[in-house]
Number of protein chains: 2
Amino acid sequence: MTKISKLQDELVYLAKLGSALGVLSWDQEVNLPPKALAFRGDVNSLLAAEIHSRFTNPKFVKLAQTLNRPDNLKQLTADQQVIVREIWRDVDRAQKLPVKFVEDFTKLTTAAFAAWSEARKKSDFKIFKPYLKKIIQMCQQEAKYVGYKKSPYDALLDVFEPDMTAEKLDALFGPLAKDLAVLVTRVNKKTVPSLPKFKYDITKQHVLNQRVAKDLGYDLGAGRIDESPHPFTIDIHPTDVRITTRYSETDFWVSLGSVIHEVGHALYEQGLPVKGFGTPLGSSVSLGVHESQSRIWENFVGRSQAFVDYLYPLLVKHFGKLPYKSDQLYKWLNRVQPSLIRVEADEVTYNLHIIVRYELERALLENQIKVDDLPMQWNRKMKDYLSVKVPDDAHGVLQDIHWSHGTFGYFPTYSLGNLYAAQLFNKINNDIPKLDDKFRGGNFRPFLKWLRVNIHQQGRRYHAGELIKKSTGKSLNSIHLIDHLNSKVSS
Amino acid sequence: MTKISKLQDELVYLAKLGSALGVLSWDQEVNLPPKALAFRGDVNSLLAAEIHSRFTNPKFVKLAQTLNRPDNLKQLTADQQVIVREIWRDVDRAQKLPVKFVEDFTKLTTAAFAAWSEARKKSDFKIFKPYLKKIIQMCQQEAKYVGYKKSPYDALLDVFEPDMTAEKLDALFGPLAKDLAVLVTRVNKKTVPSLPKFKYDITKQHVLNQRVAKDLGYDLGAGRIDESPHPFTIDIHPTDVRITTRYSETDFWVSLGSVIHEVGHALYEQGLPVKGFGTPLGSSVSLGVHESQSRIWENFVGRSQAFVDYLYPLLVKHFGKLPYKSDQLYKWLNRVQPSLIRVEADEVTYNLHIIVRYELERALLENQIKVDDLPMQWNRKMKDYLSVKVPDDAHGVLQDIHWSHGTFGYFPTYSLGNLYAAQLFNKINNDIPKLDDKFRGGNFRPFLKWLRVNIHQQGRRYHAGELIKKSTGKSLNSIHLIDHLNSKVSS
């Protein structure tokens, strides 16, 4: 058996274990009897440990390392080279972290999560502070283990968005922040559109969601839509990609908006090459590119005038006569209003929430601000960028779970997703004639086909920067997103 | 670390892998998107192979063997001795079968299952015959590998019902068959009770099922009720025991009867000692004892007059006024009518179906009949025991899937379950005063408590024969079942 086959076989084995873990995780969110939570945690840990242990097994590391030597690499096909290059990237990083460090970090974040939960409940940053200090120290240590050129932030960012750096982010987020700050001042002078109250039957919402998901191209024969408190997509295999949503009786968009967002993620996973399952050829590029797929469907398709024209008759068909017209719905879906909470933010101000977090994370890691000053810094930035006054820590610095998990370098991928989505949408709109008419008629196939060919079927062959350049003909820039968001405030 | 701790740790590890596989299997029956079937098969195989490989790993076999040596055994506590004795039983059997033999058997039964499916569809035994011949040869070979005293049948039976033998079965099934044959002649002279047609809303059936399951003692905080084509119970952990049912709009008992049956299985699993999870101390005794738990609830509780008195007002509450009275329902639930298909058989004639299969399986394994003659032998026995005429192989010898899976020695556990159930019920009825009144009032707690203490909490401490003797004070006999079934025909 050749070395490359050995590597591929082990990757597929690991991916199958990962799929088992995926089913268990999905089951935990959707079906788990409450008393089974502790035991399920044990089983999940066991599988996760098994996967980690095989992935960092010295023999496996050696195999990947050997294959990655230039003399061996050149004997492989182009596809095999992609596999080796990308896997070595992951393995190399994993093996640079001492086992003890990884264990200590897990222990720390378990305790930190509990502290954060309490801190948020009591709206008291002091409770979380000592843990956050240690987490930042350990993140800095991780960056040292992994290595970086300019900023320790780069080493963390790289896990979520390979090849992205703080320097590149500055070049993207700088103009974006400036232009959005101007938009916000314009927004504050407007009244916020609203919709008359209406009751949307939840069973009918489910039927509508299935219909729309199917129209968008989601294959329900290789997926399903369930309910969970936090909507998510889980990729078990391209033939088994499931999404969840949550329901509100008074706002159908709570469920349908989530469905469109998650369908975007799911279409990516259903569209990955099955043959490459388990290897980088069958994997998604990065979190940013993944997010671009959910955002392009949610915001660029789902909130467009053409989509509202397609949707409105479906709403009437499912829920009966509505107390508002189609154009009111369009305005309401595209309303903009600066607010305190990221997950409730509109499409325009959302990116400012991300930029606030990015700047603070980076400053913390580079020791430019102190954890003690974080709430003050947070509140100041929210005022500067969003013109909102933070009343307490729960509605401010403590609102997101991520830092308690030790996740630094992750938030930027949300806005990167928006940037990628805007640039992709602009290109698709130029490539496909009369895209609006197609959407209006419920025909999303040409749009999906473009994404399939240019993004989904590429697997992890290119990093995000290359992929965007290859597919749109231009390097990533913030112009398209700013144009798009501008139109939301002008309309 | 002591040897016994090592053994226990590995058992718990294996049990956790088994739980993961359990969730995957449940998910496959209840949720799986159709296109994901092939991939799921791969993942399940991988986990099953991993479990088998660890269980038959020479180091593990050696560990169990060493602990089972008399000089080592006597240094262990009584509980530890149970663990070692029972595990050695399983390991010893597994390691007696050559790897090649196990692989060949899997291949054979995969092909045999396909042949059986086609044969049943075309109602043509010839298609299945060559496979069945090979399966019987391999079962005989398996018996040789494992070893036996009197009949090769004993070696196969022992997997499902430890310590049971063909000789003991003869002593139980002989009188049972004779008495049931007499009952059948009496039944044939009676008219079969029926119920007026009525439509039972399926959502309401689900609500009723949950209510009854809860009343019987099923903990919905450690389980759930879903829908699947073939109802089943899956034991993931005592905190996660799930059941399924299927629905008919015109017959509420299709779903409720299944729920009561599966709740019987589930109460056993929810009642196993959590501390013993993964070891014989936290495991069920045998398939026969498991079946006794489902049958005691389904037939001895669920079809009793007292239960009907409890149920009838609930039916009216959930479905509205019914076109029949409580006593009609009781008679209908207890109707008896000889028929061709085992899975549709009533409580009385069911055991004759089992006895037909037992006698034929045993004769095949002992080379007393030929596979070529099997359909003829089948049809003759069905005529002799049940007075029914088999029209074709699909309604005769080909009706059950089990032989195509290579499963011989399994069918008897169904009737053993009935025998255990009858003897246990008789004892409980003597032990608990006014059991009927309690059932009538919806109070099933004292009944469940008796089972918890005498059966569930015992784990695999005793084999079925000992357990029944310990809990009822008498060796297993067929008197109680015959009395019970007699009452069904007389009433």
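Parameters and conventions
- Residues numbered from 1 in each chain as written.
- Chains lettered and ligands numbered in written order.
- Predicted model: local features only at pLDDT ≥ 70, side-chain atom pairs only at ≥ 80, totals over all residues.
- Heavy atoms only, no water.
- Least-squares fit on C-alpha atoms with pLDDT ≥ 70 in both.
- Contact = heavy atoms within 4.5 Å.
- Buried area = accessible area lost by both parts, 1.4 Å probe.
- Salt bridge = Lys/Arg side-chain N within 4 Å of Asp/Glu carboxyl O.
- Helix = DSSP H or I, 4+ residues; strand = E, 2+ residues; numbered from the N terminus.
- Buried < 20%, exposed > 50% of the residue type's maximum accessible area, 1.4 Å probe, protein only.
- Axes fitted to C-alpha atoms, helices over the stretch in contact; angles between N-to-C directions.
- Parallel < 35°, antiparallel > 145°, perpendicular 65-115°, else oblique.
- Left-handed = near helix turned anticlockwise from the far one by under 90°.
- Nonpolar A, V, L, I, M, F, W, Y, C, P; charged D, E, K, R; others polar.
- Pairing = 2+ DSSP bridges.
- pLDDT = per-residue confidence, 0-100.
- Expected span 1.5 Å × (residues − 1).
- Bend = angle between axes of the 7 residues up to and from the residue.
- Phe/Tyr/Trp six-rings, centres within 6.5 Å; stacked < 30°, edge-to-face > 60°.
- Patch = residues over 30% accessible without salt bridge, like charges linked within 9 Å, V, L, I, M, F, W, Y side chains within 5 Å.
- Areas by Shrake-Rupley, 256 points an atom, 1.4 Å probe, with all protein chains shown as cover.
- Lys, Arg positive; Asp, Glu negative; His and termini not counted.
- Charge placed at Lys NZ, Arg CZ, Asp CG, Glu CD.

What follows is about the relation of the copies chain B and chain A. With an axial shift of 0.0 Å and an RMSD of 0.0 Å, the rotation relating chain B to chain A amounts to 180 degrees. Such a combination of rotation and displacement between the chain copies is what one expects of a two-fold axis. Most of the interface of chain B is mirrored in chain A, where 100% of its interface residues again form contacts.

Counting residues at the interface gives 34 residues for chain B and 34 residues for chain A. For the chain B face of the interface with chain A, the top three residues by lost area are Lys16, Phe39 and Leu46 of chain B, together amounting to 22%. Where chain B touches chain A, the interface holds eight salt bridges. The salt bridge involving Asp219 of chain A is made with Lys35 of chain B; its shortest N-O contact spans 2.5 Å.

Turning our eyes to something else, we now look at the side chain of Asp27 of chain B. Tracing the backbone shows Asp27 of chain B in helix H1 (residues 3–30). Its relative accessible area of 0% is what places Asp27 of chain B among the buried residues. When neighbours within four sequence positions are excluded, Asp27 of chain B is seen to be in contact with Val23, Trp26 and Arg242 of chain A together with Leu32 and Arg40 of chain B.

Take the packing of helix H6 (residues 99–122) of chain A against helix H7 (residues 125–146) of chain A next. All names here are of chain A. Following both chains from N to C, one finds H6 and H7 inclined at 150 degrees, their axes separated by 9 Å at the closest point. The orientation of H6 relative to H7 falls into the category roughly antiparallel. Viewed along their axes, H6 and H7 form a crossing whose handedness is left-handed. On H7, the residues that touch Phe101, Asp104, Phe105, Leu108, Thr109, Ala111, Ala112, Ala115, Trp116, Glu118, Ala119 and Lys122 of H6 are Ile127, Phe128, Tyr131, Lys134, Ile135, Met138, Cys139, Gln141, Glu142 and Tyr145. Its residues assigned to classes, the contact of H6 with H7 comprises 15 nonpolar, two polar and five charged.

Residue and element names in this part refer to chain B. Pairing is mixed in the open sheet, where three strands are placed in the order E1-E3-E2. The outermost strands of the open sheet, each flanked by one partner alone, are strand E1 (225–227) and strand E2 (233–237). The mean angle between the axes of side-by-side strands here comes to 25 degrees, regardless of whether they run parallel or antiparallel. Examined bridge by bridge, E1 and strand E3 (residues 240–245) share three bridges and lie parallel to one another. Opposite Asp226, over in E3, you have Thr244 as the bridge partner.

Turning to the confidence of the model for chain A, a few remarks are in order. Do not read the fine detail of predicted coordinates wherever pLDDT is low. When pLDDT is averaged along chain A, the result is 96; 100% of the residues meet or exceed 70. For this predicted complex, the interface confidence score (ipTM) comes to 0.92, while the overall pTM stands at 0.93.

The next subject is the pattern of salt bridges. For side chains bearing opposite charge, pairing can occur when the charged atoms are close. Inspection of the entire model under this criterion finds 74 salt bridges over all chains. The residue Asp27 of chain B makes a salt bridge to Arg242 of chain A at a minimum N-O spacing of 2.8 Å. With Asp27 of chain B in helix H1 and Arg242 of chain A in strand E3 (residues 240–245), this pair bridges two chains. Accessibility assignment for this pair places Asp27 of chain B and Arg242 of chain A in one class, buried. Connected via shared salt-bridge partners are Asp27 and Arg40 of chain A together with Asp240 and Arg242 of chain B.

This part covers helix H12 (residues 287–301) of chain B. Residue and element names in this part refer to chain B. Over its 15 residues, H12 runs 20 Å from end to end, which matches the ideal 21 Å to within 8%, given 1.5 Å per residue. At Arg295, H12 shows its largest kink, close to 35 degrees. Burial analysis of H12 places 14 of its 15 residues in the buried class, the great majority of the element.

With that settled, the discussion passes to the packing of aromatic side chains. For the coordinates displayed, the defined rule picks out 57 aromatic pairs over all chains. With centroids separated by 5.1 Å and ring planes inclined at 85 degrees, the aromatic side chains of Tyr200 of chain B and Phe319 of chain B adopt a geometry described as edge-to-face. Residue Tyr200 of chain B is located in the loop between helix H9 (166–187) and helix H10 (202–216), and its partner Phe319 of chain B is located in helix H13 (residues 305–319); the two are separated by 119 residues in the primary sequence. Members of the aromatic cluster, connected to one another through ring pairs, are Phe160, Tyr350, Trp378, Trp403, Phe408, Tyr410, Phe411 and Tyr414 of chain A.

Our next topic: the sheet that holds strand E1 (residues 225–227) of chain A. Residue and element names in this part refer to chain A. Sheet architecture is open: three strands sit in the order E1-E3-E2, paired in mixed fashion. The outermost strands of the open sheet, each flanked by one partner alone, are E1 and strand E2 (233–237). Shown here is a sheet whose adjacent strand axes are inclined to one another by a mean of 25 degrees, direction ignored. For E2 and E3, the ladder comprises four bridges, and the chain directions are antiparallel. When the sheet's bridge partners are listed, Ile234 is paired in E3 with Arg242. Contacting E1, E2 and E3, helix H11 (residues 252–271) crosses the sheet at an angle of about 165 degrees to E3.

As a further point, take a positive patch on the surface. Residue and element names in this part refer to chain A. On the surface, Lys3, Lys6, Lys59 and Lys62 cluster together into a positively charged patch. Within the residue set of the positive patch, elements represented by two or more residues are helix H1 (3–30) and helix H3 (58–67). Locating Lys62 in the fold gives a position in helix H3.

Time to look at the pairing of E3 of chain B. Regular strands place side chains that alternate from one sheet face to the opposite one. The buried fraction of E3 of chain B is high, at six of six residues. The turn joining E2 of chain B and E3 of chain B, which pair antiparallel and follow one another in sequence, is formed by two residues.

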